[in-house]
Amino acid sequence: IARFSGDPRLVPIEEAYYTDHGKKDLVIAKLRDAVRSGDTQAGTLKRLLGFYIEAEGRKERLAMFQKKADADPSDVLSVFFTGVILHYERDYALSTDYLKKVEGKVSDEPRLYIYLAMNAFNLGDREASESYISKAAALDQEDPDVAYCVAEIFRDSDRKRALKAVDRYWEMTKFTSDVNS
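Residues numbered from 1 in each chain as written. Predicted model: local features only at pLDDT ≥ 70, side-chain atom pairs only at ≥ 80, totals over all residues. Heavy atoms only, no water.

## Things to note about unusual backbone geometry
Here is step 1 of the chain: One non-glycine residue with positive phi stands out, namely R90, at about 65 degrees.
Here is step 2 of the chain: Within the secondary structure, R90 sits in the loop between α5 (76-88) and α6 (92-101).
Here is step 3 of the chain: Judged by its relative accessible area of 64%, R90 is exposed. (Helix = DSSP H or I, 4+ residues; strand = E, 2+ residues; numbered from the N terminus. Buried < 20%, exposed > 50% of the residue type's maximum accessible area, 1.4 Å probe, protein only.)

Written out as C-alpha cells, the structure reads:
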C-alpha cells in the first residue's frame, strides 16, 4: 500500500485492507476528515455512512451524534448522521425531522434525498417519497441505491419506471463485490 500511496484508484483497496486488518477506525477517521474538510464526492460520504450504519455499535453512534446535533444544530454532519442512523433504527418520523434540518446545507448530496424519500415512503406519503427520490435521481445517476429506491417507490404507481430502475440497478451491480447490493 505504501508503494502506491496517493493513487486515488487504490483508495477502496486500501480501505478494504485496513478494515480487514482491524484498522477500521483509521478508515473512518480518514473518511470523516475528508468529509469535514469539504470533500463533496457522494462516494466518500456513502463509504463513511456504511461504517456508521453497521448494526454493531449503531445505538452508541446514534447517541453520540444525536447529543452533538442537539447541542449544536449548526453541526450539519452530526445532524445528518443522526437522521440517517434514525432511519436504520426505523424511526422514520424523527429521522425526517433531523434530515429536513440540513436541507439547503447538503442539498447536493443524493443520500439526503434517498433517506427522505424512503422515510416518506415508509410513513405512507407517496407524493413526498416520489418528489424526494426524483431529486436524488437528478443529482446522481451512478448510485445503484438511487435506482433501487426509484424501483421501490414507483413499483405501484409507475410500473414502467420501476422496472426500468430495477434493470438499471442490476446493470450497475452485476460486477459488484458488495454482498449487500
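## As for the confidence of the model for the protein chain
Here is step 1 of the chain: Averaged over all residues, the pLDDT of the protein chain is 87; the fraction at 70 or higher stands at 92%.
Here is step 2 of the chain: Averaged pLDDT values for the elements of the protein chain fall to 79 in helix α3 (residues 42-52) and rise to 97 in α6. (pLDDT = per-residue confidence, 0-100.)

## Examining the packing of aromatic side chains
Here is step 1 of the chain: Overall, the coordinates contain nine aromatic pairs when judged by the stated rule.
Here is step 2 of the chain: Taking the centre distance of 5.5 Å and the plane angle of 70 degrees together, the rings of Y169 and W170 count as edge-to-face.
Here is step 3 of the chain: We classify Y169 as buried; its relative accessible area is 9%.
Here is step 4 of the chain: Residue W170 is classed as exposed on the basis of its relative accessible area, which comes to 54%.
Here is step 5 of the chain: Among the aromatic residues, those joined into a ring-pair cluster are Y52, F65, F80 and F81.
Here is step 6 of the chain: Sitting above the plane of the Y98 ring, K101 keeps its charged end 4.4 Å from the centroid.
Here is step 7 of the chain: The positively charged end of R161 is found above the aromatic ring belonging to F154, 4.0 Å away from the centroid. (Phe/Tyr/Trp six-rings, centres within 6.5 Å; stacked < 30°, edge-to-face > 60°. Lys NZ or Arg CZ within 6 Å of the ring centre and 35° of its normal.)

## A word on the side chain of E109
Here is step 1 of the chain: With respect to the helices and strands, E109 occurs in the loop between α6 and α7 (110-122).
Here is step 2 of the chain: Lacking a salt bridge, the buried E109 has R111 as its closest oppositely charged neighbour, with an N-O distance of 5.1 Å.
Here is step 3 of the chain: At a separation of 3.0 Å, a polar atom in the side chain of E109 contacts the main-chain amide nitrogen of R111. (Lys, Arg positive; Asp, Glu negative; His and termini not counted. Salt bridge = Lys/Arg side-chain N within 4 Å of Asp/Glu carboxyl O. Polar contact = N/O pair within 3.5 Å; in protein donor to acceptor, adjacent residues only side chain to side chain.)

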